[in-house]
Structure formats: structure tokens, C-alpha cells
Amino acid sequence: MIHRRPGAVIVLLTICAALPWAGGCAGGTGSATPLPPPDAAALRTRALDLLLRAATTGAAETRCNAMEALARVAPRAGAEAIRQNLRHDAAIVRYAACVAIGDARITAALDDVLRLLRDREPRVVLGAAFAAYRCGEARQAEVLVKTLAQGTDEGLRADAALLIGRLGEKSAVRRLRFTVSTDRSTRVIITAYGALAALGESDAVDRLIEYAQGAAETRVLALLALADNPAERARDTLLYRMRQRGEYIQARLLAARALGRLGSKEGLNLAMQAATQTGRDEIETYYIRSLAAHALGAIGDPRALGTLRNLAAIPDDGVQVAACYAILLIAPQPGN
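Before going into details, it helps to say that this report is about the structure given with it. All figures in this text were calculated on a predicted structure; none of them were measured in a lab.

## Side note on the overall build of the chain
For step 1, the next point in the chain: The helix and strand tally for the chain stands at 18 helices and zero strands.
For step 2, the next point in the chain: Put simply, the chain has 336 residues, and 56% of those count as buried.
For step 3, the next point in the chain: Of all intrachain contacts in the chain linking residues separated by at least 6 positions in sequence, the fraction that spans at least 24 positions is 66%.
For step 4, the next point in the chain: Carbon and sulfur atoms form 50% of the exposed surface of the chain, whose accessible area is close to 14400 Å².

## Overview of the environment of Leu224
For step 1, the next point in the chain: Here Leu224 lies in helix α12 (residues 216–228).
For step 2, the next point in the chain: As for Leu224 and Leu208, which are separated by 16 residues in sequence, their C-alpha atoms are 9.7 Å apart.
For step 3, the next point in the chain: Once you skip the residues sitting within four places of it in the chain, Leu224 turns out to touch Leu254 and Arg257.

## Things to note about the pattern of salt bridges
For step 1, the next point in the chain: Per the stated rule, a full pass over the model turns up 24 salt bridges.
For step 2, the next point in the chain: Glu247 is the partner of Arg219 in a salt bridge, and the nearest nitrogen-oxygen pair spans 2.9 Å. Note that Arg219 is positioned in helix α12 and Glu247 in the loop between α13 (235–243) and α14 (249–261), a separation of 28 residues in sequence. Summarising the burial analysis for this pair, Arg219 and Glu247 share the class buried.
For step 3, the next point in the chain: Shared partners join several salt bridges into a network, and the residues in it are Glu68, Arg72, Asp103 and Arg166.

## Regarding the packing of helix α6 (residues 122–134) against helix α8 (residues 154–167)
For step 1, the next point in the chain: α8 packs onto α6 with a crossing angle of 5° between their chain directions and a minimal axis gap of 11 Å. Between α6 and α8, the interaxial angle falls into the category roughly parallel. Residues Pro122, Arg123, Leu126, Phe130, Tyr133 and Arg134 of α6 pack against Gly155, Leu156, Asp159, Ala160, Leu163, Arg166 and Leu167 of α8.

## Observations regarding the nonpolar core
For step 1, the next point in the chain: Ile82, Ile101, Leu176, Leu253 and Leu308 are the most contacted members of the largest nonpolar core, which totals 120 residues.
For step 2, the next point in the chain: Those residues within four positions of Leu176 in sequence are excluded, and the remaining contacts are Leu148, Ala161, Ile164, Ala192, Ala195, Leu196 and Leu199.

## Structural notes on helix α9 (residues 173–182)
For step 1, the next point in the chain: For α9, the set of buried residues is Val173, Leu176, Thr179 and Val180. The arc enclosing the buried residues of α9, seen along the axis, measures out at 120°, which places them on a common side. Seen from the open side of α9, the exposed residues pointing more than 90 degrees away from its buried face are Arg174 and Ser181.
For step 2, the next point in the chain: Against the buried residues of α9 lie α7 (141–150), α8 and α10 (186–198).

## Re the packing of helix α1 (residues 37–57) against helix α18 (residues 317–330)
For step 1, the next point in the chain: Their axes nearest at 9 Å, the elements α1 and α18 cross at an angle of 135°. Here α1 lies oblique to α18, going by the angle between them. α18 is crossed by α1, and the crossing has left-handed handedness. Between α1 and α18, the residues in contact are Leu43, Arg44, Ala47, Leu48, Leu50, Leu51 and Ala54 and Gln320, Val321, Cys324, Tyr325, Ile327 and Leu328, respectively.
For step 2, the next point in the chain: In terms of residue class, the contact of α1 with α18 is built from 11 nonpolar, one polar and one charged.

## Looking at helix α11 (residues 202–211)
For step 1, the next point in the chain: Those residues of α11 that sit buried are Ala204, Val205, Leu208, Ile209 and Tyr211. Take α11 and look down its axis: the buried residues cluster within an arc of 160°, on one side only.
For step 2, the next point in the chain: Residues of α11 that are buried make contact with α10, α12 and α13.

## Description of the packing of aromatic side chains
For step 1, the next point in the chain: Taken as a whole, this structure holds two aromatic pairs when the rule is applied.
For step 2, the next point in the chain: Each ring, one from Tyr193 and one from Tyr211, has its centre 6.3 Å from the other, and the planes form 45°; the classification is tilted. Note that Tyr193 is positioned in helix α10 and Tyr211 in helix α11, a separation of 18 residues in sequence.
For step 3, the next point in the chain: Of the residues examined, Tyr211 reaches a relative accessible area of 19% and is grouped as buried.
For step 4, the next point in the chain: Here the aromatic rings of Tyr286 and Tyr287 are separated by 5.1 Å at their centres, their planes lie at 55°, and the arrangement is tilted.

About the criteria used
- Residues numbered from 1 in each chain as written.
- Predicted model: local features only at pLDDT ≥ 70, side-chain atom pairs only at ≥ 80, totals over all residues.
- Heavy atoms only, no water.
- Helix = DSSP H or I, 4+ residues; strand = E, 2+ residues; numbered from the N terminus.
- Buried < 20%, exposed > 50% of the residue type's maximum accessible area, 1.4 Å probe, protein only.
- Contact = heavy atoms within 4.5 Å.
- Areas by Shrake-Rupley, 256 points an atom, 1.4 Å probe, with all protein chains shown as cover.
- Salt bridge = Lys/Arg side-chain N within 4 Å of Asp/Glu carboxyl O.
- Axes fitted to C-alpha atoms, helices over the stretch in contact; angles between N-to-C directions.
- Parallel < 35°, antiparallel > 145°, perpendicular 65-115°, else oblique.
- Core = buried A, V, L, I, M, F, W, Y, C linked by side-chain atoms within 4.5 Å.
- Arc of directions from axis to C-beta.
- Left-handed = near helix turned anticlockwise from the far one by under 90°.
- Nonpolar A, V, L, I, M, F, W, Y, C, P; charged D, E, K, R; others polar.
- Phe/Tyr/Trp six-rings, centres within 6.5 Å; stacked < 30°, edge-to-face > 60°.

This is the structure in C-alpha cells:
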């Protein structure tokens, strides 16, 4: 998910009093047993409602995360909310809307996306090119390739590498390999290896495994890439990182998330406990609890729904969005 930048925590209007989550706002990890099917289905409905509200009324970073969640777990329901954000004043929101449209292939938004190719902000243009390609305008891939090769900002180059990996085109392998051999930014290099892993390049997974043994910053970047592109050959490394009690909790939760996507529930207890952990400040608390929610969503165990229900009632917009995303990954479709 798109991470919010450091700053004040803005609380959604849909706090506990406005959105009646069963179980209230009490702390703790919630029920350790699965919710009855009707309760789980109702929880899913409320989670979707909160994501839709967050995508249309939340602060900029909240909208970004809510749109990404909707594109992945409820693209039809979220399509209109995502499209509305193409006209948002904040460039980061317009960019996130473009990426969500590309991820969900919302072709009805193509004309609006094409207009953003002339946006004044380079990151918005990058997102628009990604969305246009995913919606049928293949020639726009050149914008991504050019940004990766010539962008002066490492953040833009890293975003370009990430989006190129999401395109799923094997023809991009050569360009990405050139990047990892020539770029001077560790962030760009690791992101490019993540893109190569997404394209099925097994040696890129090996490099990510190596980076996951390195310094703290590179470990987190590599684990994030492995969480997005889990590979069976990385299982032992992920297990080692998750089990290291002296490791940063954020890194352990990323490992738990990757393992969850590989079908392992070994990180369930860690993520359940971290869901109520308090960091040194509100920003660290946000990251820990949000990462815990993402890990629980990836693990997919219905026993986590009680914990996630409580997280979704905490008056922190970012944690709410992460919890609702996880709920939609786990809870059954209404009527199923």
C-alpha cells in the first residue's frame, strides 16, 4: 500500500460513533475464533462502506490507500470513487487514482486518464501512462521506460520500476536488468529486482534474498519487494527474519505477510499481537498496526476477523483503511 508521509494523524469522520462496528472500540486482539458467517458477511459490508467513504472524503494519503485497496478487492464497487480522484487537487491522489485505474483496468476512465498525460506533475504523468497502458494504450509504456532511464528523482525512477513490473511484460526484463547494473540508488535497484521477480526472473529473487540479509534499510526494502512478489525459494529467509525477536517488528511483519501469501500461517500470532502494539510515536504505531493488518489479510485466517474488526474501530484513518482491506481479503462475499 502507499505509505503516508510523516505528519499529523487525521481521523476519518466515520469513527466508532458513526460506524457501529460490533465490539466497539475496545483494545485487545478481539475474538480468537472465526465469526459466524452472517457476522463476517456484515463486517465485510461495513468494511467496504468505510473504504468507499475514505476514498471520497478522507485526507490525501487516506484516499491513496483506500483506492489501492478498492482496486484490489472491490474494483467494481470502487470504480466511481477512484475516477472522482483523477480531478483531486493533490498530485499524489491523482497519481494513486491512475495506478488504481490501471490495476483494476477501469477502461471507462481511459479518456480522463489520457488527459492527465499532460499533467504538470511528472508522477501523475507516470501513473497516467501506466493506467493508459493497462487500459489498452500500449504505446504509453515508453513514458515508464523513459522515466526509469532518465528520471533525475530516485523516487520517480523507483515508481517507474515498480509499475513496469506490474505491466507483466517480459519485454521489460532487458531494461530492468540494465537499471540494476547502472543505477546508483539502492532503492531503485531493489525495486527493479522486485519488478524482475514479478516478471518471473528467479535470479532476481535470489538478489532480494541477499538484500534481506543486509543493513536495516535494505532489509525492509527487500522484504517489501518479497511481500509483493512472494517466491517459494525465499521461504527459509522469510521464516528466519520473522522469527528473529531482535529484528525490527516492521520487518518481521513484512516477512509474515510474504509467508501468508505463500500459504503459511506461522505469522498469525505475531500479527495478532502487533495489531495492538504501540510504537514510540503515532507514526510508528500507525506503521506497526497497518503492517499487522496487511499480514493478517495475507494470511487469510478467519480467526483474525475479530482483531481486524477492533482495528477498524480505532480512530486512525490509516489503520482503519488497512484493517478494512484485510477484512475484505478474508471475509466471505455476502450471501456466500
